[in-house]
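# Coordinate inspection notes
The lines below spell out each chain.
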Amino acid sequence: MLDSAAIRRFLYSQHIFTALRMTIGIALPAMVLMIGMGQIAIGMACAIGALCVGLIDVPGPLRRKHREMLGCALVVSLTAGWTMLGLAHPALLWPTVLGISFFGAFAVAFGQKASIVGLNAMLVMVIGMTQHGTFREQLAYLAALTIGGLGYTYYSLAVCQWLRYQMWQRALAECLFATARYFDRRADCYDPVVPLELCYRELLAAQMVVETTQQNARDLVLNAMAGRNPERLGARRSRLFNLFIDVIDLHDMVLASQTDFALLREHFADGDSLDFLRDLMQKTALDLEACAEALANSRLSRSRYSVKAELRALAYDIEAARQAGLPDKAPEAFAALLTSQQRVSVISRLIAKLHDDTGSLTNTTGLPVDKVVERFRSESDFGFSRASLSFTSSALRYALRFTVAMAAALFVSRDVMPSGHGNWILLTVLVALRPGFGLSRQRGRSRLFGTLAGCAATLLVLLFVHDQRLLFALMIVSLWLSFGLMQLNYLASVFFTSIEVLLLYHFLVPSEMALIGERALDTLIGAAIAAVASWLFPFWESQLVLPQLRLVLDASCRYLATALGPSEPDNLDYRLLRRDTLTALSALKAMHERMLLEPTSKRRAEHALSELLLKCYLLVSQVAALNQLFNALPARRGEPEVRRCVAAAGRTLQQAEQSGKAPTEPEPPSRDANLRALQVATGEIAELVQRIRSAPVR
């Protein structure tokens, strides 16, 4: 749903900043060459080179970005040269297309960034197949394309270096916006009207977004501090480090605010306590959004929402409940309410520290900067496994499937209906056919509907708008929005891309109104080829269920053992294990969502897996809550009852990971409500794992 908050989040996000940088870097040199100097062909080639490199220009450490963009520019130039060679010798055309298609698609085996480089190589191949000039013109095209790629590389690095603090602040602002949305979803847990299961599912979805934005912030903020003297970070870097740790602490505290919400609703639904807790969380979310906006705009932040009234009213309700004898009548419900009030009070203090740290000059976290950077910063995601060479690997199957699809598209565009714009068929196959079946089907539909809508919109614009300056401005805005929405809404991105490309052709060939219909027809053909090809050598997500499930259980075991061990865990160890557990859980959820896009007959225990995701997320929250409790009462860690229950919970998870079976002789339930909840959670997870393992692979 599009609302003012969503628009603000988009405007303050990295996406809009990156899209603006890409638009200027791609369009400005091309405009100078095409309009100012009359070099249309050279300007187009320069823009193509810049576009191919720009697609890998995502927020990240500058040193890593430099290597990635230079490598991409080199691969794109070599691919363009290979394509020129294939066009010059007709006998080499088919081997050229098939070879580039196979190796470009197989690049997915080397990681996400490598897959983008492979995509760019195939893109420049498809575009290069439209070049049919003389040898000198071909060399000029290749030189302009290379200069465009290299020029964009150093332009982008210069802009990112100049505005590096703004990039880091926007990354943290995105993290704050995501955390604020997580707070909003947590507030719903205190609303008896909202079904509790729905609350948990929305919390899990919000948690995945928080995890993604936190990882982006780690990549930018922590990598920017690598190799620097912690004593000489400077005021700006120290401030950003403080804010990053504040966000992590705040998320940890709200994660630890997990309690028995069903019990709270049962005993306090008719009173005002739950309303106060809900209002406190909602005000906190609004305060976080205000802080995010201030941070994105390089302003000092101050609290705009006071929660003193709600805290006092909640304290009054708790005291009234105590005098009414609730601790004796319903001790567990009273303890849950009291704990919720204490956690909300701590959250309000953390919010105040967050506001104060927007003006901090030194490290206020108490954590060693060098140790945090060493333990938490991520390395390059390029990597390769020899298992990818096996026919059972998804990468090899995708490469073969993609090569067959591109061969079919080339045959149709060259021999069946050579309209002169057949490269649009190849381009549709290129963007629609993805490694997974579900993503291919989703991308194909988005590509089809987005292109058709873009063609219709462009036709209406050209019929009613005749001012060339206005049309040119619309083309530039469409280019900007297509980049800005690429990661957020692919359908909208395709819509604006279609408008931008068709308006560009309008300026180059004003009389070609029939081109709009040809584009729509080519998109239909390309989408049909991609849809049929997606059934060739398929790799179903159900094949990844058990390996990913083992990763989640292993991470959960290590997290539980460290967080609830006999001694208070090292702060950094605890944070690292919690991050690893949530990352594994995010990967499992992403795999589950991809599986739901596949045919029903190819899924595996999708309902049990959906329930398991909720149970694992609740387990992480329960462990965080117990860790907070034991840190406040250290003596409890050594109690025999605590040690027995924690050890039993760990054994249950380990047995589920190794054999997929629940314990045959479950431990007797604990008298402590929190420990009993831990036992129940691990037991339910073990039963769900058993159901998933025993489910047939259809």
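Structural data are supplied above this passage.
Read on for a plain summary of the structure. Residue numbering note: each chain is counted from 1, following its sequence as written. For a predicted model such as this one, the threshold for reporting local features is a pLDDT of at least 70, and the threshold for listing and counting side-chain atom pairs is 80 or more; totals across whole chains, interfaces and linings nevertheless cover every residue. Computation of side-chain values: all heavy atoms of the structure, hydrogens and water removed.

## Some points on the overall build of the protein
Note the threshold: A run of H or I in DSSP counts as a helix once it spans at least four residues, and a run of E counts as a strand once it spans at least two, with each numbered from the N terminus. C-alpha atoms define the radius of gyration in this analysis, and the globule rule sets the expected value at 2.2 Å times the number of residues to the power 0.38. Here's how the labels work: a residue is buried when its accessible area is under 20% of the maximum for its type, exposed when over 50%, partly exposed in between, all with a 1.4 Å probe on protein chains only.
Looking only at helices and strands, the protein features 27 helices and zero strands. Against the globule reference of 26 Å for 698 residues, the protein gives a C-alpha radius of gyration of 28 Å, in line with a compact fold. Overall size of the protein, expressed as C-alpha extent along the three principal axes, is 90 × 55 × 50 Å. Evaluated residue by residue, the protein yields a buried proportion of 55% over its 698 residues.

## Let's talk about the environment of Leu 288
Here is the rule: When checking whether two residues touch, look at their non-hydrogen atoms; a contact exists if any pair is within 4.5 Å.
Of note, Leu 288 is situated in helix α12 (residues 273–296). Residue Leu 288 is classed as buried on the basis of its relative accessible area, which comes to 0%. Residue contacts for Leu 288: discarding those within four places in its chain leaves Leu 176, Thr 179, Ala 180, Phe 183, Leu 250, Ile 351 and Leu 354.

## Digging into the pattern of salt bridges
Note the following rule: Definition used for salt bridges: Asp or Glu carboxyl oxygen within 4 Å of a side-chain nitrogen of Lys or Arg.
This model, assessed by the stated rule, comprises 24 salt bridges. Here Asp 275 ties to Arg 278 by a salt bridge, and the two come within 3.6 Å at their closest N and O atoms. A residue pair is termed a helical-turn pair when its members lie 3 or 4 positions apart in one helix, as Asp 275 and Arg 278 do in helix α12 at three residues. Look at Asp 275 and you get partly exposed, because its relative accessible area is 27%.

## Describing the packing of aromatic side chains
Filter applied, for reference: Side-chain rings of Phe, Tyr and Trp (the six-membered ring for Trp) are treated as a pair once their centres are within 6.5 Å; stacked means planes under 30 degrees apart, edge-to-face means over 60, and tilted covers the remaining angles. When the NZ atom of lysine or the CZ atom of arginine is within 6 Å of a ring's centre and also within 35 degrees of its normal, the charge is said to sit over that ring.
Counted according to the given criterion, the structure contains 10 aromatic pairs. Members of the aromatic cluster, joined through ring pairs, are Phe 102, Phe 103, Phe 106 and Phe 110. Between the NZ or CZ atom of Arg 236 and the centre of the ring of Tyr 165, over which it lies, the distance is 4.5 Å.

## Observations regarding a nonpolar patch on the surface
Selection criterion: Two distance rules govern patches: like charges are joined within 9 Å, and nonpolar side chains (Val, Leu, Ile, Met, Phe, Trp, Tyr) within 5 Å, applied only to residues with over 30% relative accessible area and no salt bridge. Residue burial considers only the protein chains on display, and all accessible areas are found by Shrake-Rupley using a 1.4 Å probe.
A contiguous nonpolar surface patch, about 450 Å² in accessible area, is contributed by Leu 20, Ile 24, Leu 28, Val 32 and Met 37. Structurally, Val 32 can be placed in helix α2 (residues 14–36).

## Side note on unusual backbone geometry
One non-glycine residue, Ser 298, lies in the positive phi region at around 60°. Looking at the secondary structure, you find Ser 298 in the loop between α12 and α13 (308–323). The phi dihedral of Phe 537 falls on the positive side, at around 45°, and the residue is not glycine. By secondary structure assignment, the location of Phe 537 is in the loop between α22 (514–533) and α23 (545–563). The partly exposed category is assigned to Phe 537, whose relative accessible area is 33%.

## Observations regarding the nonpolar core
In plain terms, the rule: For the purposes of this section, nonpolar cores are sets of buried Ala, Val, Leu, Ile, Met, Phe, Trp, Tyr and Cys residues that join through side-chain atoms within 4.5 Å.
Among the nonpolar cores identified, the biggest contains 133 residues, and Leu 564, Leu 612 and Ile 692 are the most heavily contacted of them. If one sorts the elements of this core by residue count, helix α25 (residues 606–632) sits on top with 15 residues. Residues within four places of Ile 692 in sequence aside, it is in contact with Val 545, Leu 546, Leu 549, Arg 604, Ala 605, Ala 608, Leu 609 and Leu 612. Ile 56, Met 84, Val 97 and Ile 127 belong to the second largest nonpolar core, which has 66 residues in total.

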